[in-house]
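Architecture at a glance
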Amino acid sequence: MTERILVTGMSGLIGGAVREQLEGSYELTALNRSSVPGVPTFQADIADFDSIRPAFENQQTVVHLAASARGSDPWERVRDPNLIGVYNVFEAARQAGAARVIYASSGSTISGWEQVQPYRALVNGDYECVNHPWPLITHETPVRPAGVYGATKVWGEAVARHFTDSTELSIICLRIGLVNAVNRPTDSRQFSVWCSQRDISQMVERCIQAPAELRYDIFYAVSNNKWGYRDVSHARDVVGFEPQDEAEAHR
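Presented here is a report on the structure given in the accompanying data block. Within every chain, residues take consecutive numbers counted from 1 along the sequence as written. Note on the predicted model: pLDDT of at least 70 is required for a residue's local features to be given, and 80 or more for side-chain atom pairs to be given and counted; whole-chain, interface and lining totals, by contrast, use all residues. Computation of side-chain values covers all heavy atoms of the structure but excludes hydrogens and water.

**Structural notes on the packing of aromatic side chains**
Put simply, the rule is: Aromatic pairing here means that ring centres of Phe, Tyr or Trp (its six-membered ring) are within 6.5 Å. Orientation follows from the plane angle: under 30 degrees is stacked, over 60 is edge-to-face, and everything else is tilted. Helix and strand definitions follow DSSP, with helices as H or I runs of at least four residues and strands as E runs of at least two, each counted in order from the N terminus. When a residue's accessible area, from a 1.4 Å probe over protein chains only, is under 20% of the maximum for its type it is buried; when over 50% it is exposed; and in between it is partly exposed.
Tallied over the entire structure, the rule returns six aromatic pairs. Residues Phe-90 and Tyr-103 carry aromatic rings whose centres are separated by 5.7 Å and whose planes lie at 80 degrees to one another, so their mutual orientation is edge-to-face. Here Phe-90, found in helix H3 (residues 75-96), pairs with Tyr-103, found in strand E5 (residues 100-106); they are 13 residues apart in sequence, far enough to count as distant. Taking relative accessible area as the criterion, Tyr-103 reaches 1% and is therefore assigned buried. Ring geometry for Tyr-119 against Tyr-229: centres 5.3 Å apart, planes inclined by 50 degrees, an arrangement best described as tilted. Note that Tyr-119 is positioned in helix H4 (residues 119-124) and Tyr-229 in the loop between strand E7 (216-221) and helix H8 (233-239), a separation of 110 residues in sequence. Here Tyr-119 and Tyr-229 have matching classes, each one buried.

Next comes the structure, spelled out in structure tokens:
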């Protein structure tokens, strides 16, 4: 039987890329504030639990992408979708008996490290100031969020940990790099943190296919960037993620 997958925020950039990757192999449903043409859609705001709860019935996996995703957004804009909405999605998935949620976290959970060397030089393109090899930021490095947005994503990862410790739900957190519409890096920082649409879509599918025994984890989702500082070896070892694209190809 084809696996049923609910995707929140499918109308967004990453949602569209994930749809293209999964369509035809899975039975997709969208949870979105607006209709998604060609996909059965529950139209609701994730901050309204009663409105979204029916969307989770009979879903095996939830790909949770809906969020206020701009790092410059003020507290008033990120609070409802990124805090209340995240809890609502996890709780609705739990109540409906879903097996797994794939949670779109963010590299902003640790991008505060870009204030110090060698990461500051890497994102500024000052490569002559960087000694090889530089230490990579791993999933075990202490978080250092950039802005309120990054802090909300740290909270989401913590709530995910709580759910996986106290319920049967599996949650995988993806610290997604910079995914953009032109699908290429456009400034010096992006040559460090860019993630292609193909690579983020592959990562999501790898997490869908991961063994049920994987209860909780955190993976970085970035492309194979020469000047990157986020470690993808953990994702490679655990779920077989192999980035297909690299920022340097766009110099």
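**Topic: the packing of helix H1 (residues 13-22) against helix H7 (residues 197-209)**
To be explicit about the condition: Only the stretch in contact is used when a helix axis is fitted, and all axes are lines through C-alpha atoms; the angle between N-to-C directions ranges over 0 to 180 degrees. Relative orientations are named as follows: roughly parallel for angles under 35 degrees, roughly antiparallel for angles over 145 degrees, roughly perpendicular for angles from 65 to 115 degrees, and oblique for any other angle. Left-handed is the label given to a crossing in which the near helix is rotated counterclockwise from the far helix by less than a right angle, and right-handed is the label when the rotation is clockwise. Between two residues, a contact is recorded if the distance between any of their heavy atoms is within 4.5 Å.
Packing of H1 against H7 leaves a shortest axis separation of 9 Å and a crossing angle of 60 degrees. Looking at the two axes, H1 sits oblique to H7. Of the two possible hands of crossing, H1 and H7 adopt the one that is right-handed. Residues Leu-13, Ile-14, Ala-17, Val-18, Gln-21 and Leu-22 of H1 pack against Gln-197, Ile-200, Ser-201, Gln-202, Val-204, Glu-205 and Ile-208 of H7.

**Looking at the packing of H3 against helix H5 (residues 147-166)**
Stated formally: Note on residue classes: Ala, Val, Leu, Ile, Met, Phe, Trp, Tyr, Cys and Pro are nonpolar, Asp, Glu, Lys and Arg are charged, and everything else, Gly too, is polar.
Remark: H3 packs on H5, axes separated minimally by 10 Å, with the N-to-C direction vectors making an angle of 15 degrees. One way to sum up the angle between H3 and H5 is to call them roughly parallel. You can see that H3 and H5 cross each other, and the crossing is right-handed. Taking contact as the criterion, the partners of Trp-75, Val-78, Asn-82, Leu-83, Val-86, Tyr-87, Phe-90, Glu-91 and Arg-94 in H3 are, on H5, Val-148, Tyr-149, Thr-152, Lys-153, Trp-155, Gly-156, Val-159, Ala-160 and Phe-163. Considering only residue class, the contact of H3 with H5 consists of twelve nonpolar, three polar and three charged.

**Digging into the pairing of strand E6 (residues 170-176)**
Rule in force here: Any two strands are treated as partners once DSSP identifies two or more bridges connecting them.
Among the seven residues of E6, seven are classified as buried, and the element is accordingly described as predominantly covered. Burial along E6 is two-sided: Ser-170, Ile-172, Leu-174 and Ile-176 facing one way and Ile-171, Cys-173 and Arg-175 facing the other are all buried. Relative to E7, E6 runs parallel, the two being bridged by six bridges. Counterpart to Ile-172 in the pairing with E7 is Asp-217.

**Details of the layout of surface pockets**
Basically, it comes down to this: Computed over the protein atoms alone on a 1 Å grid, cavities are sets of points where a 1.4 Å probe fits but cannot get out and pockets are open sets with protein on both sides within 12 Å along at least five of seven lines; a residue lines them when it has an atom within 4 Å of a point. Grid points are joined across faces, edges and corners, and a volume is the space filled by probe spheres set on the points.
Considered as a void within the structure, the largest pocket measures approximately 1,100 Å³ in volume. In this structure, the largest pocket is lined by 40 residues; those nearest its centre are Leu-65, Ala-67, Ser-68, Ala-69 and Arg-70. If you list the elements that add at least two residues to the lining of the largest pocket, you get H1, strand E2 (27-32), H3, E5 and H5. Of the residues contributing to the lining of the largest pocket, the split by class is 18 nonpolar, 13 polar and nine charged. Considered as a void within the structure, the second largest pocket measures approximately 160 Å³ in volume. Lining the second largest pocket are 13 residues, with Ser-223, Asn-224, Asn-225, Arg-230 and Val-232 positioned closest to its centre.

Purely geometric numbers; function is a separate question.
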